[in-house]
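An overview of the molecular structure
Spelled out, the chains give:
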Amino acid sequence: MSWSEIYGHHWPKDFFQKVLRTRRVAHAYLFSGPPRVGKRTFALELAKTLCCLTPHDGESCGQCKSCRLFATQSHPDLVMLSPSSDTIKIDQVREFTRNLNLKKSISEFKVGILVGVERLTEEASNCLLKTVEEPPSGTVLILTTSRLYSVSSTILSRVQLLESVPLSGEEVKRYLVEKEHLKEEEAQHIAFLATGSIGRALEIWRGKENPLRKVLDFWKSLKEKRCITSFGPWFETMELHEMVHFLSLLESYLRDVLLGMAMGRKNEELFFQREWLEDALEDAKILNPALVTRVIRLIEELVEDLSLYVQSDVALIDFLGKVRGEMNHAMGSRNTI
(Lines give C-alpha, C1' and ligand atoms only; values in the text may rest on other atoms or scores of the structure.)
Protein backbone atom coordinates (compact mmCIF):
# COMPACT_ATOMS: atom_id res chain seq x y z
CA MET A 1 0.00 0.00 0.00
CA SER A 2 1.07 3.63 -0.56
CA TRP A 3 -0.41 7.03 0.28
CA SER A 4 -2.21 7.01 -3.08
CA GLU A 5 -4.07 3.86 -1.99
CA ILE A 6 -5.35 5.48 1.22
CA TYR A 7 -8.91 6.65 0.56
CA GLY A 8 -9.81 10.06 1.99
CA HIS A 9 -7.62 11.63 4.71
CA HIS A 10 -6.41 14.26 2.24
CA TRP A 11 -5.08 16.79 4.74
CA PRO A 12 -3.20 14.27 6.95
CA LYS A 13 -1.68 12.70 3.84
CA ASP A 14 -0.39 16.05 2.57
CA PHE A 15 0.88 16.94 6.05
CA PHE A 16 2.84 13.74 6.55
CA GLN A 17 4.29 13.68 3.07
CA LYS A 18 5.87 17.06 3.88
CA VAL A 19 7.00 15.80 7.29
CA LEU A 20 8.55 12.69 5.76
CA ARG A 21 10.36 14.65 3.08
CA THR A 22 12.04 16.84 5.69
CA ARG A 23 12.35 14.03 8.29
CA ARG A 24 11.19 16.51 10.95
CA VAL A 25 9.16 13.93 12.78
CA ALA A 26 7.45 14.61 16.11
CA HIS A 27 7.78 12.05 18.89
CA ALA A 28 4.02 11.44 19.28
CA TYR A 29 0.90 11.87 17.13
CA LEU A 30 -2.77 11.34 17.94
CA PHE A 31 -5.24 10.60 15.13
CA SER A 32 -8.79 11.49 16.10
CA GLY A 33 -11.86 10.79 14.00
CA PRO A 34 -15.10 8.83 13.66
CA PRO A 35 -15.03 5.04 14.03
CA ARG A 36 -13.99 2.90 11.05
CA VAL A 37 -12.81 5.68 8.75
CA GLY A 38 -9.34 4.14 8.37
CA LYS A 39 -7.29 5.64 11.23
CA ARG A 40 -5.51 2.34 11.91
CA THR A 41 -4.79 1.81 8.20
CA PHE A 42 -3.40 5.34 7.99
CA ALA A 43 -1.22 4.79 11.08
CA LEU A 44 0.23 1.61 9.58
CA GLU A 45 1.08 3.35 6.30
CA LEU A 46 2.79 6.15 8.24
CA ALA A 47 4.77 3.59 10.24
CA LYS A 48 5.76 1.76 7.05
CA THR A 49 7.02 4.98 5.47
CA LEU A 50 8.92 5.99 8.61
CA CYS A 51 10.67 2.62 8.69
CA CYS A 52 11.34 2.40 4.93
CA LEU A 53 15.07 2.08 4.15
CA THR A 54 14.84 3.90 0.80
CA PRO A 55 11.91 6.35 0.97
CA HIS A 56 11.35 8.75 -1.90
CA ASP A 57 9.47 12.05 -1.83
CA GLY A 58 7.51 11.15 1.31
CA GLU A 59 6.57 7.67 0.07
CA SER A 60 7.72 4.20 1.07
CA CYS A 61 9.50 2.27 -1.66
CA GLY A 62 7.53 -0.95 -1.16
CA GLN A 63 10.57 -3.02 -2.14
CA CYS A 64 13.19 -2.79 0.62
CA LYS A 65 13.58 -5.32 3.41
CA SER A 66 11.63 -3.10 5.81
CA CYS A 67 8.67 -2.72 3.43
CA ARG A 68 8.61 -6.45 2.75
CA LEU A 69 8.49 -7.14 6.49
CA PHE A 70 5.56 -4.72 6.81
CA ALA A 71 3.78 -6.61 4.04
CA THR A 72 4.02 -9.81 6.10
CA GLN A 73 3.15 -8.02 9.37
CA SER A 74 6.42 -9.13 10.95
CA HIS A 75 8.45 -5.94 11.22
CA PRO A 76 10.69 -6.02 14.34
CA ASP A 77 10.64 -2.22 14.74
CA LEU A 78 6.84 -1.95 14.83
CA VAL A 79 5.10 -2.40 18.18
CA MET A 80 1.28 -2.68 18.05
CA LEU A 81 -1.28 -2.51 20.82
CA SER A 82 -4.76 -3.00 19.40
CA PRO A 83 -6.80 -5.08 21.86
CA SER A 84 -10.39 -6.09 21.17
CA SER A 85 -11.56 -5.55 24.75
CA ASP A 86 -13.31 -2.42 26.01
CA THR A 87 -10.39 -1.42 28.22
CA ILE A 88 -6.61 -1.31 27.87
CA LYS A 89 -4.99 -2.29 31.14
CA ILE A 90 -1.71 -1.34 32.71
CA ASP A 91 -0.04 -4.71 32.07
CA GLN A 92 -0.72 -4.34 28.34
CA VAL A 93 0.79 -0.85 28.33
CA ARG A 94 3.82 -2.05 30.30
CA GLU A 95 4.51 -4.73 27.69
CA PHE A 96 3.96 -2.18 24.91
CA THR A 97 6.45 0.29 26.39
CA ARG A 98 8.93 -2.47 27.23
CA ASN A 99 9.01 -3.53 23.58
CA LEU A 100 9.43 0.10 22.51
CA ASN A 101 12.57 0.27 24.64
CA LEU A 102 14.20 -2.62 22.78
CA LYS A 103 17.01 -1.69 20.40
CA LYS A 104 16.00 -0.91 16.81
CA SER A 105 16.71 -3.76 14.41
CA ILE A 106 16.81 -2.40 10.85
CA SER A 107 15.07 0.97 10.64
CA GLU A 108 15.80 4.56 11.59
CA PHE A 109 12.71 4.66 13.80
CA LYS A 110 11.01 2.39 16.29
CA VAL A 111 7.27 2.95 15.85
CA GLY A 112 4.58 2.22 18.42
CA ILE A 113 0.91 2.21 17.38
CA LEU A 114 -1.76 2.18 20.10
CA VAL A 115 -5.32 1.89 18.78
CA GLY A 116 -8.14 3.29 20.92
CA VAL A 117 -6.24 5.37 23.45
CA GLU A 118 -9.56 6.43 25.03
CA ARG A 119 -9.89 2.85 26.36
CA LEU A 120 -6.89 3.20 28.68
CA THR A 121 -7.66 2.72 32.35
CA GLU A 122 -6.42 5.53 34.59
CA GLU A 123 -3.43 3.43 35.68
CA ALA A 124 -2.62 2.47 32.08
CA SER A 125 -2.91 6.10 30.98
CA ASN A 126 -0.45 7.21 33.65
CA CYS A 127 1.91 4.42 32.64
CA LEU A 128 1.78 5.45 28.97
CA LEU A 129 2.26 9.10 29.88
CA LYS A 130 5.84 8.44 30.98
CA THR A 131 6.68 7.15 27.51
CA VAL A 132 4.79 9.97 25.78
CA GLU A 133 6.75 12.53 27.82
CA GLU A 134 10.16 10.90 27.41
CA PRO A 135 10.12 8.37 24.56
CA PRO A 136 13.21 6.31 23.81
CA SER A 137 15.54 7.87 21.27
CA GLY A 138 14.34 7.34 17.69
CA THR A 139 10.84 6.30 18.79
CA VAL A 140 7.61 7.62 17.27
CA LEU A 141 4.28 7.00 18.99
CA ILE A 142 1.10 6.92 16.91
CA LEU A 143 -2.12 6.89 18.94
CA THR A 144 -5.68 6.73 17.59
CA THR A 145 -9.05 7.55 19.12
CA SER A 146 -12.70 7.73 18.12
CA ARG A 147 -13.63 9.62 21.31
CA LEU A 148 -11.29 12.56 21.73
CA TYR A 149 -13.25 13.89 24.71
CA SER A 150 -12.38 10.70 26.65
CA VAL A 151 -8.61 11.00 26.20
CA SER A 152 -6.57 12.13 29.20
CA SER A 153 -5.84 15.86 29.03
CA THR A 154 -2.23 15.22 30.08
CA ILE A 155 -1.71 12.93 27.09
CA LEU A 156 -3.47 15.40 24.78
CA SER A 157 -1.09 18.16 25.86
CA ARG A 158 1.96 16.10 24.87
CA VAL A 159 1.01 14.85 21.40
CA GLN A 160 0.48 16.42 18.00
CA LEU A 161 -3.23 16.14 17.23
CA LEU A 162 -4.52 15.41 13.73
CA GLU A 163 -8.22 15.00 13.03
CA SER A 164 -9.68 12.73 10.37
CA VAL A 165 -13.08 13.47 8.85
CA PRO A 166 -15.61 11.03 7.40
CA LEU A 167 -14.92 10.07 3.80
CA SER A 168 -17.20 11.41 1.11
CA GLY A 169 -19.81 9.07 -0.30
CA GLU A 170 -17.94 9.12 -3.60
CA GLU A 171 -14.72 7.96 -1.90
CA VAL A 172 -16.49 5.09 -0.15
CA LYS A 173 -18.17 4.13 -3.42
CA ARG A 174 -14.84 4.23 -5.26
CA TYR A 175 -13.29 1.94 -2.67
CA LEU A 176 -16.12 -0.59 -3.00
CA VAL A 177 -15.86 -0.57 -6.78
CA GLU A 178 -12.06 -0.67 -6.98
CA LYS A 179 -11.21 -2.95 -4.05
CA GLU A 180 -14.31 -5.10 -3.56
CA HIS A 181 -15.42 -5.09 -7.23
CA LEU A 182 -19.02 -4.15 -6.50
CA LYS A 183 -21.22 -2.84 -9.28
CA GLU A 184 -21.63 0.94 -9.39
CA GLU A 185 -25.30 0.95 -8.36
CA GLU A 186 -24.79 -1.38 -5.38
CA ALA A 187 -21.67 0.48 -4.27
CA GLN A 188 -23.50 3.81 -4.40
CA HIS A 189 -26.37 2.46 -2.32
CA ILE A 190 -24.04 1.06 0.35
CA ALA A 191 -21.90 4.21 0.37
CA PHE A 192 -25.00 6.30 1.06
CA LEU A 193 -25.81 4.18 4.13
CA ALA A 194 -22.22 3.99 5.40
CA THR A 195 -21.94 7.63 6.60
CA GLY A 196 -18.38 8.10 5.40
CA SER A 197 -16.96 4.88 6.85
CA ILE A 198 -15.35 2.17 4.74
CA GLY A 199 -15.49 -0.19 7.71
CA ARG A 200 -19.23 0.31 8.06
CA ALA A 201 -19.69 -0.04 4.30
CA LEU A 202 -18.00 -3.45 4.42
CA GLU A 203 -20.19 -4.56 7.32
CA ILE A 204 -23.33 -3.49 5.44
CA TRP A 205 -22.16 -5.34 2.34
CA ARG A 206 -21.38 -8.48 4.35
CA GLY A 207 -24.72 -8.34 6.12
CA LYS A 208 -23.30 -7.61 9.56
CA GLU A 209 -24.99 -4.21 9.81
CA ASN A 210 -28.33 -3.01 8.46
CA PRO A 211 -28.92 0.74 8.96
CA LEU A 212 -32.40 0.55 7.45
CA ARG A 213 -33.47 -2.14 9.91
CA LYS A 214 -31.99 -0.08 12.74
CA VAL A 215 -34.18 2.87 11.70
CA LEU A 216 -37.26 0.64 11.58
CA ASP A 217 -36.50 -0.83 15.00
CA PHE A 218 -36.10 2.66 16.43
CA TRP A 219 -39.42 3.76 14.95
CA LYS A 220 -41.11 0.64 16.30
CA SER A 221 -39.77 1.50 19.77
CA LEU A 222 -41.16 5.02 19.43
CA LYS A 223 -44.56 3.69 18.47
CA GLU A 224 -44.52 1.36 21.47
CA LYS A 225 -44.00 4.48 23.61
CA ARG A 226 -41.12 3.08 25.61
CA CYS A 227 -39.54 5.12 28.38
CA ILE A 228 -37.61 8.07 26.93
CA THR A 229 -34.47 7.18 28.89
CA SER A 230 -34.38 3.77 27.15
CA PHE A 231 -33.43 5.47 23.88
CA GLY A 232 -29.98 6.50 25.11
CA PRO A 233 -28.19 3.43 23.67
CA TRP A 234 -29.51 4.25 20.18
CA PHE A 235 -27.42 7.40 20.02
CA GLU A 236 -24.64 7.22 22.61
CA THR A 237 -22.05 5.75 20.23
CA MET A 238 -22.99 7.94 17.25
CA GLU A 239 -20.89 10.81 16.01
CA LEU A 240 -22.87 13.95 15.17
CA HIS A 241 -22.83 13.29 11.41
CA GLU A 242 -24.00 9.70 12.00
CA MET A 243 -26.85 10.95 14.19
CA VAL A 244 -27.96 13.41 11.50
CA HIS A 245 -27.79 10.68 8.85
CA PHE A 246 -29.83 8.30 11.03
CA LEU A 247 -32.50 10.96 11.57
CA SER A 248 -32.54 11.75 7.85
CA LEU A 249 -33.19 8.08 7.10
CA LEU A 250 -36.04 8.09 9.61
CA GLU A 251 -37.50 11.16 7.92
CA SER A 252 -37.21 9.43 4.53
CA TYR A 253 -39.03 6.40 5.91
CA LEU A 254 -41.88 8.55 7.20
CA ARG A 255 -42.14 10.31 3.84
CA ASP A 256 -42.47 6.85 2.27
CA VAL A 257 -45.28 6.15 4.77
CA LEU A 258 -47.05 9.30 3.54
CA LEU A 259 -46.47 8.15 -0.03
CA GLY A 260 -48.04 4.81 0.85
CA MET A 261 -51.06 6.59 2.31
CA ALA A 262 -51.53 8.54 -0.92
CA MET A 263 -50.72 5.89 -3.52
CA GLY A 264 -50.65 2.45 -1.95
CA ARG A 265 -48.57 0.15 -4.12
CA LYS A 266 -48.87 2.32 -7.20
CA ASN A 267 -45.54 3.52 -8.62
CA GLU A 268 -43.40 1.56 -6.17
CA GLU A 269 -40.30 2.97 -7.85
CA LEU A 270 -41.07 6.33 -6.18
CA PHE A 271 -40.38 4.93 -2.72
CA PHE A 272 -37.03 6.01 -1.28
CA GLN A 273 -36.02 2.51 -0.17
CA ARG A 274 -37.52 -0.69 -1.57
CA GLU A 275 -36.16 -2.59 1.46
CA TRP A 276 -38.69 -1.00 3.79
CA LEU A 277 -41.61 -0.90 1.34
CA GLU A 278 -43.73 -3.48 3.20
CA ASP A 279 -43.13 -1.75 6.55
CA ALA A 280 -44.06 1.64 5.08
CA LEU A 281 -47.26 0.27 3.54
CA GLU A 282 -48.24 -1.38 6.82
CA ASP A 283 -47.68 1.87 8.74
CA ALA A 284 -49.64 3.70 6.05
CA LYS A 285 -52.70 1.65 7.03
CA ILE A 286 -52.58 2.44 10.76
CA LEU A 287 -50.93 5.85 11.19
CA ASN A 288 -52.53 9.25 11.19
CA PRO A 289 -51.18 11.41 8.31
CA ALA A 290 -51.20 14.52 10.52
CA LEU A 291 -49.09 12.69 13.14
CA VAL A 292 -46.54 11.52 10.56
CA THR A 293 -46.29 15.06 9.16
CA ARG A 294 -45.74 16.54 12.62
CA VAL A 295 -43.02 13.98 13.46
CA ILE A 296 -41.26 14.79 10.18
CA ARG A 297 -41.32 18.47 11.17
CA LEU A 298 -39.85 17.61 14.60
CA ILE A 299 -37.06 15.62 12.94
CA GLU A 300 -36.24 18.60 10.72
CA GLU A 301 -36.11 20.88 13.77
CA LEU A 302 -33.85 18.44 15.61
CA VAL A 303 -31.43 18.17 12.67
CA GLU A 304 -31.30 21.95 12.48
CA ASP A 305 -30.55 22.19 16.22
CA LEU A 306 -27.78 19.61 15.90
CA SER A 307 -26.27 21.50 12.96
CA LEU A 308 -26.07 24.55 15.24
CA TYR A 309 -24.14 22.44 17.80
CA VAL A 310 -26.95 22.51 20.33
CA GLN A 311 -26.12 20.01 23.09
CA SER A 312 -27.15 16.74 21.46
CA ASP A 313 -28.43 14.89 24.55
CA VAL A 314 -30.66 17.80 25.55
CA ALA A 315 -31.96 18.20 21.97
CA LEU A 316 -32.70 14.47 21.70
CA ILE A 317 -34.60 14.33 24.99
CA ASP A 318 -36.64 17.34 23.90
CA PHE A 319 -37.34 15.65 20.53
CA LEU A 320 -38.40 12.37 22.13
CA GLY A 321 -40.66 14.17 24.57
CA LYS A 322 -42.36 16.10 21.76
CA VAL A 323 -42.85 12.94 19.67
CA ARG A 324 -44.33 11.19 22.71
CA GLY A 325 -46.68 14.12 23.19
CA GLU A 326 -47.78 14.00 19.55
CA MET A 327 -48.44 10.26 19.78
CA ASN A 328 -50.42 10.63 23.01
CA HIS A 329 -52.48 13.39 21.42
CA ALA A 330 -53.14 11.24 18.33
CA MET A 331 -54.19 8.30 20.51
CA GLY A 332 -56.58 10.54 22.41
CA SER A 333 -58.25 11.90 19.29
CA ARG A 334 -58.44 8.79 17.08
CA ASN A 335 -58.30 5.01 17.19
CA THR A 336 -55.18 5.11 15.06
CA ILE A 337 -51.90 6.87 15.78
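These lines cover the structure that appears in this document, whether it is placed above or below.

1. Regarding the overall build of the protein
Helices and strands together make up the secondary structure of the protein, namely 15 helices and five strands. For the protein, the proportion of its 337 residues judged to be buried stands at 47%. Looking at the protein as shown, the accessible area adds up to about 17200 Å², and 50% of this sits on carbon and sulfur atoms. The protein carries 44 positive and 46 negative side-chain charges, and their two centres are separated by 4 Å.

2. Remarks on the pattern of salt bridges
Side chains that carry opposite charge are capable of pairing whenever their charged atoms lie near each other. A full pass over the atoms with the stated rule returns 19 salt bridges. For R213, the salt bridge is made with D279, and the minimal N-O distance between the two is 3.8 Å. Residue R213 is found in helix α10 (residues 211-223), and its partner D279 is found in helix α13 (residues 277-286); the two are separated by 66 residues along the sequence. For D279, a relative accessible area of 27% translates into the label partly exposed. Residue R255 pairs with E251 through a salt bridge whose shortest N-O separation is 2.9 Å. Taken together, the positions of R255 and E251, both in helix α12 (residues 240-263) and four residues apart, correspond to about one turn of that helix. Classification of R255 as partly exposed rests on a relative accessible area of 40%. In this structure, a network of salt bridges that share partners links the residues R265, E268, R274 and E278.

Cut-offs used in this document
- Residues numbered from 1 in each chain as written.
- Predicted model: local features only at pLDDT ≥ 70, side-chain atom pairs only at ≥ 80, totals over all residues.
- Heavy atoms only, no water.
- Helix = DSSP H or I, 4+ residues; strand = E, 2+ residues; numbered from the N terminus.
- Buried < 20%, exposed > 50% of the residue type's maximum accessible area, 1.4 Å probe, protein only.
- Areas by Shrake-Rupley, 256 points an atom, 1.4 Å probe, with all protein chains shown as cover.
- Lys, Arg positive; Asp, Glu negative; His and termini not counted.
- Charge placed at Lys NZ, Arg CZ, Asp CG, Glu CD.
- Salt bridge = Lys/Arg side-chain N within 4 Å of Asp/Glu carboxyl O.

This is a description of form; function is not addressed.
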